[in-house]
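# Secondary and tertiary structure notes
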Amino acid sequence: MTASKPQPSPPPVKTEVTRVVCEQLAPRIGDLAYNKELALTAVRRALADRADIVVLPELVTSGYVFATSEEAWSTAITLADPFFADLSAMLAGTRGVVVLGFCQDAGDTLYNSAAVVDESGVRAVYRKTHLWDRETLFFTPGDRTPPVVDTAHGRIGVLICYDLEFAEMPRRLALAGADLIAVPTNWPLVDRPAGQYPAEIVQAQAAARANGVFIACADRGGVERGQHWTQGTAVINQYGRLTATATDAEPRTTADLFLNLSRDKAISPHNDLLGDRRPDIYAQETPLL
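Residues numbered from 1 in each chain as written. Predicted model: local features only at pLDDT ≥ 70, side-chain atom pairs only at ≥ 80, totals over all residues. Heavy atoms only, no water.

## Section: the nonpolar core
- If you look at the biggest cluster of nonpolar residues, it comprises 41 residues, and the most contacted ones within it are Ile-53, Leu-164, Ile-181 and Ile-215.
- Considering every element that reaches this core, the biggest residue donor is strand E9 (residues 214–218), with five residues.
- When residues no more than four places from it in sequence are discounted, the contact partners of Ile-215 are Leu-164, Leu-180, Ile-181, Val-183, Ala-204, Ala-207, Ala-208, Ala-234, Val-235 and Ile-236.
- Core analysis: the next-biggest nonpolar cluster, separate from the first, contains 25 residues, Leu-25, Leu-32, Val-43 and Ala-115 among them. (Core = buried A, V, L, I, M, F, W, Y, C linked by side-chain atoms within 4.5 Å. Buried < 20%, exposed > 50% of the residue type's maximum accessible area, 1.4 Å probe, protein only. Helix = DSSP H or I, 4+ residues; strand = E, 2+ residues; numbered from the N terminus. Contact = heavy atoms within 4.5 Å.)

Take a look at the structure:
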């Protein structure tokens, strides 16, 4: 009987606890200086609480309910803006990572974007692909796949708000190896039956469960030009269960996670979330009978 050939060992997976903090902030529409300081203060506070990964809301540097295109442009920043250098300097020596939304000046185009920043600088920028409602009046939709960034704490994928409602988006990040999907968001408040979670949180839970990946959503607080927000800031584990949620009294979430657990997609002795996929079937045309 011939002995089986030894197989190479899999690459090591980080197994330490990662602290994820989502800050539910209330930026002021059009007040760039105030909003930059608001974001930096939130990161400073989270780092003092030993955060490894900090997630801030969508368009946190600009506000959201723009009246005109000129107002949106007045708060747009480029990647050369000192804000990003200040943020990176704050992270020096911490191994910390920040994901935040900002209004991006890309020359002659305006994007609703998110940046991933560590002590080395801006690691990646994602431009929101699926624009919601009046966003279409001011922004151009992104045309590139969302990134997965390999960090000191694991692999972080990025989506923005409405993107999460398209199942293909978190699935693509899971297939690319994301351990955590960070979602800067501004969820407008809508009516819901008493005692039920906001639909946006339910969708995030479903995405986490379907893909076996952690998801961290940083929502808005406050009221902006009459618009109330869901205040749905939440961290969800790889089983789709809520690990931490924000409240009126505590508008931030802190969750200590073993992100390496997202790399095990087995859900029974005979099933694997990604391995059980049937791309050959999905590619077939659906018959209309």
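## A short note on the packing of helix H4 (residues 168–175) against helix H5 (residues 199–211)
- Direction vectors running N to C along H4 and H5 enclose 35°, while the axes themselves pass 10 Å from each other. The interaxial crossing formed by H4 with H5 has right-handed handedness. Every residue of H5 that contacts H4 at Pro-170, Arg-171 and Ala-174 is listed here: Ala-207, Ala-210 and Asn-211.
- In terms of residue class, the contact of H4 with H5 is made up of four nonpolar, one polar and one charged. (Axes fitted to C-alpha atoms, helices over the stretch in contact; angles between N-to-C directions. Left-handed = near helix turned anticlockwise from the far one by under 90°. Nonpolar A, V, L, I, M, F, W, Y, C, P; charged D, E, K, R; others polar.)

## Topic: the packing of aromatic side chains
- The tally for this structure, following the rule as stated, stands at seven aromatic pairs.
- Ring centres of Phe-83 and Phe-84 lie 5.3 Å apart, and the angle between their planes is 70°; this geometry places the pair in the edge-to-face category. The burial state of Phe-83 is the same as that of Phe-84; both residues are buried.
- Through a chain of ring-to-ring contacts, three or more aromatic side chains come together here, namely Phe-66, Phe-138 and Phe-139.
- We note Arg-28 situated over the ring of Tyr-34; from NZ or CZ to the ring centre the distance is 3.6 Å. (Phe/Tyr/Trp six-rings, centres within 6.5 Å; stacked < 30°, edge-to-face > 60°. Lys NZ or Arg CZ within 6 Å of the ring centre and 35° of its normal.)

## Regarding the environment of Val-148
- For Val-148, the position within the fold is in strand E6 (residues 148–151).
- A residue is classified by how much of its surface remains accessible, and Val-148, at 29% relative accessible area, is partly exposed.
- Taking the C-alpha atoms as reference points, Val-148 and Val-55, separated by 93 residues in sequence, lie 15 Å from one another.
- Apart from residues no more than four positions distant in its own chain, Val-148 is found in contact with Arg-155, Ile-156, Gly-157, Leu-173, Ala-176 and Ala-178.

## Some points on the sheet that holds strand E2 (residues 53–55)
- On the basis of which strands lie adjacent, the open sheet formed by six strands has the order E5-E4-E3-E2-E1-E14 and mixed pairing. Each edge of the open sheet is held by one strand with a lone partner, namely strand E5 (121–127) and strand E14 (252–257). Geometrically, the sheet is characterised by an average inter-axis angle of 25° between neighbouring strands, direction not taken into account.
- Pairing geometry for strand E1 (residues 18–23) and E14, over six bridges, is antiparallel. Note that in E14 the partner of Arg-19 across the bridge is Asp-256.
- Sheet contacts for helix H3 (residues 82–90): strand E3 (97–105), strand E4 (110–118) and E5; angle to E4, the most-contacted strand, approximately 25°. (Pairing = 2+ DSSP bridges.)

## Things to note about helix H1 (residues 32–48)
- Between its terminal C-alpha atoms H1 stretches 24 Å, which fits the 24 Å expected from 17 residues at 1.5 Å a residue.
- On its buried face, H1 sits against E1, E2, H3, E3 and E14.
- At the exit of H1 stands Arg-50, carrying a positive phi of roughly 65°. (Expected span 1.5 Å × (residues − 1).)

## So, the sheet that holds E6
- Taken in spatial order, the six strands line up as E6-E7-E8-E9-E12-E13 in an open sheet, and their pairing is mixed. The open sheet terminates on both sides in strands that have one partner only, identified here as E6 and strand E13 (242–245). Geometrically, the sheet is characterised by an average inter-axis angle of 20° between neighbouring strands, direction not taken into account.
- Pairing of E9 with strand E12 (residues 234–236) involves three bridges; the strand directions are antiparallel. Its bridge partner lying in E12, Ile-215 is registered against Ile-236.

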